[in-house]
Amino acid sequence: MQAPVFYWNITEGMASFRFHLSDRPSANWGTPRVNQVIAYLVTMVVLMSPVLFLSLFRLPWIRATSPTEGRALSLSATIYLASTLAWAIIAAYVYVYFHWNIVAYAGLAPIGYRLLGRRVVWLHAAFGLFVITIGMLSYTITPTSLFGYRDLGAAASYGWPTLAARVKAQQQAHLGSFLATTRYNYSAQLGFQLHQIDVAAFNHTPSQNDYWWDKTAHAGRDAIIIADAANESRIAEAQVHFAAVEKLEDVPVTDNLGNVIWTFEIWLGRGYSGD
C-alpha cells in the first residue's frame, strides 16, 4: 500500500506533505513560534498521560533482564525521542496536533508496562479511562473540556440529521443546485448523511476533495452551501467562487441536554465560476 501512496505524492507535487507542512493557515516557516512548541508538548504530555510521561525518566535506570529486552528498551526510546523531537522542531513553524506523533506512542507500547511498573500502572489506566470518558461524553451528551482543553470540532459534530433534512428541503426548493460546504470535513459529513458523493469543499486548505471533485462540470450552476461562524468555516471561504451569495436560514444545533451549542448556516451561491 505504501508504494502507490508515495507514487501519488510524487506525481501530485508531494500533496500530502504540502497539506500538513505548508498549506495550513498556521504555517510560517520564516518565523519560529515558541508558544506552538509549548502547546504541542503540553497537549502531548496530558493526552499520552502524565503518568506514562514521567515514567520515561526511569528509562536510564531500568535494568534489562535479557539482551532482547535491552534492545526493545533502546529501540522504543530512540523511536519516541526522535519522533517527538522532530515534531517539536516542526511545531515551531506549523501547528502540530498531538496525534501526529503517533509513531512515538506506538514505539512505547511494547515497553509501557515495564516503564510504568506494577505499582503505578493502575494510575495510568485510571487516567486513560477518565480521558476516554470525557471524550465519549463530548461526542454523545454535550461538548466538554479537559483541563481547559476543548475539542472545537465536538459541537459541530452534533445535529447532522436535522441539518441534512433542511439542506435536502432547500435543494428541492432550488432545483439544479449542487451541494457544497466551507470545510472539507463538513463535505464528508453532509455526503454521508445524504448518501451523496458529489459535495464540494470550498476550503482555503486543500484537501482530497480538490483532486476528485470536477469543477468545470459545475460551472454556472447554483449551490446550497453549508457554513458557520467559526474562523475557518465562514461563507467567505466559498463566496469568492460565486457571482453572489445569500443566506437562506440558520440551523441551531442542540446537544442531548437540550442546550444550543452550535449554529450552521445554509446559503445559496449563485453562478459558480468553475475555478
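Preceding this section is the structure that the text describes.
Keep in mind it's a predicted model, so treat the numbers as computed, not measured.

Asks: Describe in detail the packing of helix H9 (residues 160-173) against helix H10 (residues 184-194), supporting the description with residues and values.
Replies: Closest axis-to-axis distance for the H9/H10 pair is 9 Å, and the angle between their directions is 80°. With respect to each other, H9 and H10 are oriented roughly perpendicular. Of the residues in H10, those touching H9 at Trp160, Pro161, Ala164, Val167 and Lys168 are Tyr186, Gln189, Leu190, Gln193 and Leu194. The class makeup of the residues in the contact of H9 with H10 is seven nonpolar, two polar and one charged.

Asks: Residues and numbers for the sheet that holds strand E4 (residues 199-201), please.
Replies: Read across the open sheet, the five strands follow the order E4-E3-E5-E7-E6; overall the sheet is mixed. Since the sheet does not close on itself, it has two edges, and those belong to E4 and strand E6 (242-254), each with one partner. Taken over all neighbouring pairs, the strand axes of this sheet differ in orientation by 25° on average, direction set aside. Where H10 meets the sheet, its contacts fall on strand E3 (178-181), E4, strand E5 (223-227) and strand E7 (260-272), and the angle it forms with E4 comes to roughly 170°.

Asks: So what's going on with the nonpolar core? Which residues, and what values?
Replies: With 25 residues, the main nonpolar core has Leu108 and Leu115 as its most contacted residues. Secondary structure elements with two or more residues in this core: helix H3 (34-48), helix H5 (67-91), helix H6 (102-108) and helix H7 (112-116). Ranked by the residues each element gives to this core, the list is headed by H5, at seven residues. Residues within four places of Leu115 in sequence aside, it is in contact with Leu52, Ser55, Leu56, Arg58, Leu59, Ile62 and Leu108. Among the nonpolar cores identified, the runner-up in size contains 18 residues, and Leu179, Leu190, Leu194 and Leu268 belong to it.

Asks: Lay out the packing of H3 against H5 in plain terms, naming residues and giving numbers.
Replies: For the pair H3 and H5, the least separation of the axes is 8 Å and the interaxial angle reads 145°. The hand of the H3/H5 crossing is right-handed. Where H3 abuts H5, its residues Gln36, Val37, Tyr40, Leu41, Met44 and Met48 lie against Tyr80, Ser83, Thr84, Trp87, Ala88 and Ala91. Classifying every residue of the contact of H3 with H5 by side-chain character gives nine nonpolar, three polar and no charged.

Analysis parameters
Residues numbered from 1 in each chain as written. Predicted model: local features only at pLDDT ≥ 70, side-chain atom pairs only at ≥ 80, totals over all residues. Heavy atoms only, no water. Axes fitted to C-alpha atoms, helices over the stretch in contact; angles between N-to-C directions. Helix = DSSP H or I, 4+ residues; strand = E, 2+ residues; numbered from the N terminus. Parallel < 35°, antiparallel > 145°, perpendicular 65-115°, else oblique. Contact = heavy atoms within 4.5 Å. Nonpolar A, V, L, I, M, F, W, Y, C, P; charged D, E, K, R; others polar. Pairing = 2+ DSSP bridges. Core = buried A, V, L, I, M, F, W, Y, C linked by side-chain atoms within 4.5 Å. Buried < 20%, exposed > 50% of the residue type's maximum accessible area, 1.4 Å probe, protein only. Left-handed = near helix turned anticlockwise from the far one by under 90°.

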